[in-house]
Amino acid sequence: MADRVVLAYSGGLDTSVAIGWIAEQTGAEVIACAVDVGQGGEDLDVIRDRAIACGAVDAYVVDAKEEFADEYCLPALKADALYMDRYPLVSALSRPVIVKHLVRAAKEHGASVVGHGCTGKGNDQVRFEVGITNLAPELTCLAPVRDLAMTRDKAIEFAEANALPIDVTRKSPYSIDQNVWGRAVETGFLEDIWNGPIEDVYAYTQDPTVPRAADEVVLTFEAGAPVAIDGRKVTVLEAIQELNARAGAQGVGRLDMVEDRLVGIKSREVYEAPGAVALITAHQELVAVTVERDLARFGRGVSQRWTELVYDGLWFSPLRRALSGFLDDLNASVSGDVRMVLHGGRAVVTGRQSTESLYDFGMATYDTGDTFDQSLAKGFVELWGLPSKMAAARDLRQGRSVG
Ligand code: ARG
């Protein structure tokens, strides 16, 4: 077995126990690697110290927030990526950036194995392991929960027996994964899909049913990327963070859904992604205004495929990369301003302007100044319907119904 294992470390019960569990079961030294993708919560220095206290020979923290925003969230925004038309890929997007740092750490520390805390039932084991072996085929993967029988009860027992510095009684009834793009909550009473989520499930959003004043925001995009909010320049990370706060305060971006996992089961997940939902809503609108019809129609199919590849753990696949190239091209014209009202759980677009706009007032207007030549429409309509008109005439002649 391996002499060194780099472990994806969150600071929670499972990965804290996994440090000693892996060491005990395999005899390997464990190096803990925590990646900051904007999950907030505990100070990461505290998390690093805890890893050492739990027996890691080395532990470190990587600030990947900007990288995550620029290289993962932004491509998802350019794709308007919503799995099953709703889920903005929160966890699915963070795995590849975490993988990159785990692989780098493994190389730096001469480790031949990368470990993670996923179970054998979810998508994340796939995303970690396919990502790791795509980037470094020589590495192998280890999931103590799945491969070394580290059940929840045994983990708690182990933590107590070894006096690990984690409060096992504070363990949340939910399984939570969060980053700057959003937050995913599952298990506990949510496993009964008839049970409605209660307020304490949420952390990024306020209750949208509470009356409050609306918030109007103007987002400026350049080539598909958010560059300013209300005229103030922002980085992609800052745009997401500010909208998490402002849209979150209005209850925007809550989702309660049953989704199709890659491993074949349907599962219930509650999400909140206020910044992602506000940004995607605005971006979709600007695509509608600035992207030519056929490119936009084709692009929707590309987006869906891109989204499914990322959901299914294939971020590092050639097809995902090629489709991202297509989507960058599609986004070249997606520049301009979108005005939105954030209120009552919704982000509603109320205005758009762009120097790249394909909306032509003269072409569209029904008032004076109309530049659209309606006389051309008569022949167009006739030729457009000609093939199916001829087929229908044939079918009627043969006594078949066309309705
Ligand atoms: N179902 C989501 C996905 O596969 C989130 C997975 C992690 N969720 C969680 N609550 N720990 O992308």
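Structure's up top.
Residues numbered from 1 in each chain as written. Predicted model: local features only at pLDDT ≥ 70, side-chain atom pairs only at ≥ 80, totals over all residues. Heavy atoms only, no water.

## Looking at the packing of helix H8 (residues 236–249) against helix H9 (residues 274–290)
So, step 1. Where H8 contacts H9, the two axes come as close as 7 Å, and the packing angle between them is 100°. As summarised for this structure, H8 and H9 are arranged roughly perpendicular, according to the angle between their axes. Along the contact surface, H8 presents Ile240, Leu243, Asn244, Ala247 and Gly248, while H9 presents Pro274, Gly275, Ala276, Ala278 and Leu279. (Axes fitted to C-alpha atoms, helices over the stretch in contact; angles between N-to-C directions. Helix = DSSP H or I, 4+ residues; strand = E, 2+ residues; numbered from the N terminus. Parallel < 35°, antiparallel > 145°, perpendicular 65-115°, else oblique. Contact = heavy atoms within 4.5 Å.)

## Some details on the nonpolar core
So, step 1. The biggest cluster of nonpolar side chains holds 83 residues, and the ones touching the most others in it are Phe68, Leu89, Leu93, Trp181, Leu219, Trp306 and Met340.
So, step 2. Top contributing element to this core by residue count: helix H4 (residues 90–108), with 10 residues.
So, step 3. Ignoring any residue separated from it by four or fewer positions in sequence, one finds Met340 in contact with Asp215, Glu216, Val217, Leu219, Ala278, Thr281, Ala282, Ala347, Val348, Val349 and Thr350.
So, step 4. The next biggest cluster of nonpolar side chains, apart from the first, holds 29 residues, and it includes Leu13, Ala28, Val30 and Ala155. (Core = buried A, V, L, I, M, F, W, Y, C linked by side-chain atoms within 4.5 Å. Buried < 20%, exposed > 50% of the residue type's maximum accessible area, 1.4 Å probe, protein only.)

## Points about the pattern of salt bridges
So, step 1. A complete count under the given rule lists 27 salt bridges for this structure.
So, step 2. The shortest N-O distance in the salt bridge between Lys65 and Asp63 comes to 3.2 Å.
So, step 3. The partner of Arg268 in a salt bridge is Asp256, with the nearest N and O atoms 2.7 Å apart. One end of the pair, Arg268, is in strand S12 (residues 266–272); the other, Asp256, is in strand S11 (residues 254–260), with 12 residues separating them in the sequence.
So, step 4. Among the residues examined, Arg268 registers a relative accessible area of 8% and is labelled buried.
So, step 5. Via salt bridges that share partners, Asp215, Asp230, Arg232, Glu242 and Arg246 belong to a single interconnected network. (Salt bridge = Lys/Arg side-chain N within 4 Å of Asp/Glu carboxyl O.)

## Observations regarding the site of the ligand
So, step 1. Around the ligand, 16 residues are found, and the nearest of them are Tyr87, Asn123, Ser175, Glu259 and Glu269.
So, step 2. Side-chain polar atom of Glu259 to a nitrogen atom of the ligand: 2.6 Å apart, as the coordinates give it.
So, step 3. For the ligand, a nitrogen atom lies 2.7 Å from a polar atom in the side chain of Glu269.
So, step 4. Those elements giving two or more residues to the shell around the ligand turn out to be H4, helix H5 (124–135), strand S6 (175–179), strand S7 (182–186) and S12.
So, step 5. Among the residues forming the shell around the ligand, the class breakdown is 7 nonpolar, 3 polar and 6 charged. (Near = heavy atom within 4 Å. Polar contact = N/O pair within 3.5 Å; in protein donor to acceptor, adjacent residues only side chain to side chain. Nonpolar A, V, L, I, M, F, W, Y, C, P; charged D, E, K, R; others polar.)

## A closer look at helix H11 (residues 318–330)
So, step 1. Here H11 spans 19 Å end to end across 13 residues, near enough to the 18 Å set by a 1.5 Å rise per residue.
So, step 2. Inspection of H11 places Arg320, Leu323, Ser324, Leu327 and Leu330 among the buried residues, and these make up the whole buried set. Taken end-on, H11 shows its buried residues confined to a sector of 115°, consistent with a single buried face. The outward face of H11, more than 90 degrees from its buried face, is lined by the exposed residues Pro318 and Asp329.
So, step 3. On the buried face of H11, the contacting elements are helix H3 (65–78) and helix H10 (293–311). (Expected span 1.5 Å × (residues − 1). Arc of directions from axis to C-beta.)

## Some words on the state of the cysteines
So, step 1. Enumeration according to the criterion identifies 0 disulfides in this entry.
So, step 2. Sulfur of Cys33: no disulfide; nearest cysteine sulfur belongs to Cys141 and is 14 Å away.
So, step 3. This cysteine, Cys141, is not joined by any disulfide, and Cys118 carries the nearest cysteine sulfur, 10 Å off. (Disulfide = S-S within 2.5 Å.)

## Points about a nonpolar patch on the surface
So, step 1. Together, Phe380, Val381 and Trp384 make up an exposed nonpolar region whose accessible area comes to about 420 Å².
So, step 2. Here Phe380 falls in the exposed class, since its relative accessible area comes to 54%. (Patch = residues over 30% accessible without salt bridge, like charges linked within 9 Å, V, L, I, M, F, W, Y side chains within 5 Å. Areas by Shrake-Rupley, 256 points an atom, 1.4 Å probe, with all protein chains shown as cover.)

## A short note on H9
Residues spaced three or four apart along an α-helix face the same direction, because each turn holds 3.6 residues.
So, step 1. Compared with an ideal rise of 1.5 Å per residue, which puts 17 residues at 24 Å, H9 spans 24 Å between its outermost C-alpha atoms and is within 8% of the ideal.
So, step 2. Counting buried residues in H9 gives 13 out of 17 residues, a clear majority hidden from the surface.

## Topic: the sheet that holds strand S13 (residues 336–343)
So, step 1. Here we have 5 strands laid out as an open sheet, ordered S10-S9-S8-S13-S14, and antiparallel in their pairing. Pairing within the sheet leaves two strands with one partner each, and these edge strands are strand S10 (232–233) and strand S14 (346–353).
So, step 2. In this sheet, S13 lies alongside strand S8 (residues 215–222) in antiparallel orientation, the contact comprising 7 bridges. Along S13, the bridge assignment pairs Thr220 with Asp337.
So, step 3. Against the sheet, H8 contacts S8, strand S9 (225–229), S10 and S13, and its axis sits at roughly 60° relative to S9. (Pairing = 2+ DSSP bridges.)

## Description of the environment of Cys33
So, step 1. Examined against the element boundaries, Cys33 turns out to sit in strand S2 (residues 29–36).
So, step 2. Considered as a pair, Cys33 and Val61 are 28 residues apart in the sequence and their alpha carbons are 5.9 Å apart.
So, step 3. When residues no more than four places from it in sequence are discounted, the contact partners of Cys33 are Val6, Leu7, Ala8, Tyr9, Tyr60, Val62, His101, Leu102 and Ala105.

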